[in-house]
Amino acid sequence: MIDFEEYREEMVADIQETVTRANCQPVIFAGTGLSIRYFGAPSWDGLLETALL
């Protein structure tokens, strides 16, 4: 079984290779859970309720 540090090193190398081959910067997508939890943003349902008022 691979230990975490070895797994992490392999994933970092894979990401670096992919970004280099694509010749672009990665885009980080943060789902609604992050914005709801840390920034007090509404859920999709709450957003739609606000928009429909």
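As a reminder, the structure under discussion sits directly above these lines.
My aim in this report is to walk through the structure given alongside it, one point at a time. Here, residues in each chain are numbered from 1, in the same order as that chain's written sequence. In keeping with the model being predicted, local features are shown solely for residues with a pLDDT of at least 70 and side-chain atom pairs are shown and tallied solely at 80 or more, while totals for entire chains, interfaces and linings include all residues. As a rule here, side-chain values cover all heavy atoms of the structure and leave hydrogens and water aside.

**What to know about a negative patch on the surface**
So, step 1. Each patch groups residues whose relative accessible area exceeds 30% and which form no salt bridge, using 9 Å between like charges and 5 Å between nonpolar side chains of Val, Leu, Ile, Met, Phe, Trp and Tyr. Each accessible area is a Shrake-Rupley result for a 1.4 Å probe, and residues are judged covered by the shown protein chains and nothing else. What makes a salt bridge here is a side-chain nitrogen of Lys or Arg within 4 Å of a carboxyl oxygen of Asp or Glu, nothing more. For the purpose of counting charges, residues Lys and Arg are taken to be positive, whereas Asp and Glu are taken to be negative. His and the chain ends are not included. The location of each charge is read from NZ of Lys, CZ of Arg, CG of Asp or CD of Glu. Together, D3, E6, E9 and E10 line one region of the surface with negative charge.
So, step 2. Put simply, DSSP H or I for four residues or longer makes a helix, DSSP E for two residues or longer makes a strand, and each gets a number counted from the N terminus. Note on placement: E6 falls in helix α1 (residues 4-22).
So, step 3. Here the term buried applies to any residue with accessible area under 20% of the maximum for its type, exposed to any over 50%, and partly exposed to those in between, with areas from a 1.4 Å probe on protein chains only. On the basis of relative accessibility, which here comes to 37%, the residue E6 falls in the partly exposed class.

**With respect to unusual backbone geometry**
So, step 1. The residue N23 is not glycine, and still its phi comes out positive at about 55°.
So, step 2. In this fold, N23 is placed in the loop between α1 and α2 (32-39).

**What about the packing of aromatic side chains?**
So, step 1. Classification of ring pairs rests on two measures: the distance between centres of Phe, Tyr or Trp rings, Trp counted by its six-membered ring, which must be within 6.5 Å, and the angle between planes, read as stacked under 30 degrees, edge-to-face over 60 and tilted in between. Applying the stated criterion across every chain yields a total of 1 aromatic pair.
So, step 2. Each ring, one from F4 and one from Y7, has its centre 6.5 Å from the other, and the planes form 40°; the classification is tilted. With F4 and Y7 both in helix α1, this residue pair falls 3 residues apart, about one helical turn.
So, step 3. Judged by its relative accessible area of 59%, F4 is exposed.
So, step 4. With a relative accessible area of 44%, Y7 lands in the partly exposed category.

Taken by themselves, the reported measurements are silent on function.
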